[in-house]
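Analysis of the macromolecular model
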Amino acid sequence: MTGGTLVTQKVSTEGADLLTLAGVNDSNLVELGRIFGVRVGMRGESITLAGDPASVDKAMLTAQRMVEAARQRASFTADDVLRMSEDTGAGGEPGPLDPGRIALPGMKRVVQAKTPGQAEYLQKIAEHDIVVGIGPAGTGKTYLAVAAAVDALMRKRVKRIVLARPAVEAGESLGFLPGDMQAKVDPYLRPLWDALDEMMPPDRVIKALETRVIEIAPLAFMRGRTLGDAFVILDEAQNATNAQMKMFLTRLGVNSKIVITGDKTQIDLPSREQSGLMQVERILPGVEGIAFHYFSEADVVRHRLVRDIIRCYAHDSGN
């Protein structure tokens, strides 16, 4: 903290969940103080910020966003506090915190966009029949798409969810694994299972799978089908060939929605030119009803170091 005039300001926490606001071992408050170089305390129904005037003014904007999130019972961590401090709108005012918020029935939790980019992605999913989300790992491409799919199913906007992935080996051979076909493809589909497990109670997931209300399958299994009244997600689309992508897109039936997610830096196909994701990016922009959304390292919601790692690889002249 710099010398000179010091000021103290308070931000009301009335109506906020104080445990959510403070974080584990007050980690959220500690992070707020670290970012802006101010002293942070919380007592009663207010957060107290002390420091030089400019730093306190900036800290207040982020503190207000934290309080609003805690009022909505939206859980957040110290990493999220850092993102809140960066996501300010014109004139230094806090950007919209809640443009994308999904309350999942039976889970007593809310899935909420943590960056403006994620909020825009959810908005595009709501407004378009086909959305292509492209960006680096950790940006929530698949997680948010699965949340939107579960929300649509629970609200009876669709009758089923179909989650698909290309079964392409990511630099390692899995052919030696024991078991039947399902056992061999499960490693490819595990990220989709993990996302789904966070969105629905286990008993509902099991029942939905048994009744085929939810289907998780390799992309090749989509051939010859028409997917009507469905929310369909193709994950890791950079590993779909041109022919597979065309086949997948033409499965779209009446009252259905498709979300395609992929990372162009993680293509495991023998030739980059074969990537169906690269092809649709060339030929489909401008088609009414189809939206493209591009994530950046600013949208990474994993550990803060993931953003730095992605940035370093992007700048590596050896690639």
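For the structure itself, consult the block above.
These numbers were taken from a predicted model, which means no experiment stands behind them. (Residues numbered from 1 in each chain as written. Predicted model: local features only at pLDDT ≥ 70, side-chain atom pairs only at ≥ 80, totals over all residues. Heavy atoms only, no water.)

**Here's the deal with the sheet that holds strand β8 (residues 214-218)**
- The sheet built from six strands is open, its strands ordered β8-β7-β9-β10-β6-β11 with parallel pairing. Edge strands, defined here as strands with exactly one partner in the open sheet, are β8 and β11 (290-294). Across the sheet, the mean angle from the axis of one strand to that of its neighbour is 15 degrees, orientation sign disregarded.
- As paired elements, strand β7 (residues 160-165) and strand β9 (residues 230-234) share five bridges and run parallel to each other. Opposite Ala-164, over in β9, you have Leu-234 as the bridge partner. (Pairing = 2+ DSSP bridges. Helix = DSSP H or I, 4+ residues; strand = E, 2+ residues; numbered from the N terminus. Axes fitted to C-alpha atoms, helices over the stretch in contact; angles between N-to-C directions.)

**Side note on the sheet that holds strand β1 (residues 7-12)**
- Spatially, three strands are ordered β1-β3-β2 in an open sheet, and the strand pairing comes out antiparallel. Of all strands in the sheet, those with a lone pairing partner are β1 and β2 (39-43), marking the two edges. Direction aside, the axes of adjacent strands within the sheet are offset by 20 degrees on average.
- Judged from the five bridges that link them, β2 and strand β3 (residues 46-51) form a sheet pairing that is antiparallel.

**Quick look at the nonpolar core**
- Core analysis: the largest hydrophobic core is formed by 36 residues, its most contacted members being Tyr-121, Val-146, Leu-196, Ile-214, Ile-216, Phe-231 and Ile-233.
- Of all the secondary structure elements, the ones that give two or more residues to this core are α5 (116-127), α6 (141-154), β7, α7 (181-199), α8 (202-210), β8 and β9.
- In contact with Ile-233, not counting residues within four places along its chain, are Ala-145, Val-146, Ala-149, Val-162, Leu-163, Ala-164, Phe-248 and Val-259.
- Judged by nonpolar contacts, the second largest core, of 25 residues, contains Ile-130, Ile-134, Val-162 and Met-247. (Core = buried A, V, L, I, M, F, W, Y, C linked by side-chain atoms within 4.5 Å. Buried < 20%, exposed > 50% of the residue type's maximum accessible area, 1.4 Å probe, protein only. Contact = heavy atoms within 4.5 Å.)

**Here we look at the packing of helix α2 (residues 27-36) against helix α3 (residues 53-71)**
- Interaxial distance between α2 and α3 falls to 9 Å at its minimum, and their mutual angle equals 150 degrees. The angle between α2 and α3 places the two elements in the roughly antiparallel class. Helix-helix and strand crossings are classified by hand; for α2 and α3 the assignment is right-handed. Residue-level contacts link Asn-28, Leu-29, Leu-32 and Phe-36 of α2 to Ser-55, Lys-58, Ala-59, Thr-62, Ala-63 and Met-66 of α3. (Parallel < 35°, antiparallel > 145°, perpendicular 65-115°, else oblique. Left-handed = near helix turned anticlockwise from the far one by under 90°.)

**A few points about the environment of Asn-28**
- Within the secondary structure layout, Asn-28 lies in helix α2.
- The exposure class of Asn-28 is buried, given its relative accessible area of 0%.

**Regarding the side chain of Thr-139**
- With respect to the secondary-structure elements, Thr-139 resides in the loop between β6 (130-134) and α6.
- Residue contacts for Thr-139: discarding those within four places in its chain leaves Gln-118, Phe-295, Ser-296, Asp-299 and Val-300.

**What about the packing of aromatic side chains?**
- Following the criterion strictly, the structure yields one aromatic pair and no others.
- Taken together, a centroid distance of 4.8 Å and an interplanar angle of 70 degrees make the contact between Tyr-121 and Phe-295 edge-to-face. With a gap of 174 residues between them, Tyr-121 in helix α5 and Phe-295 in the loop between β11 and α11 (304-315) connect regions that are remote in the sequence.
- Here Tyr-121 falls in the buried class, since its relative accessible area comes to 0%.
- Overall, Phe-295 belongs to the buried group, its relative accessible area being 7%. (Phe/Tyr/Trp six-rings, centres within 6.5 Å; stacked < 30°, edge-to-face > 60°.)

**Notes on the pattern of salt bridges**
- Counted under the stated rule, the structure contains 11 salt bridges.
- Residues Glu-215 and Arg-212 are paired through a salt bridge, measuring 3.3 Å at the closest nitrogen-oxygen approach.
- Residue classification places Arg-212 among the exposed residues on the basis of a relative accessible area of 54%.
- Through salt bridges that share partners, Asp-151, Arg-155 and Arg-157 make up one connected network. (Salt bridge = Lys/Arg side-chain N within 4 Å of Asp/Glu carboxyl O.)

Everything listed here is a matter of geometry and, on its own, says nothing about what the molecule does.
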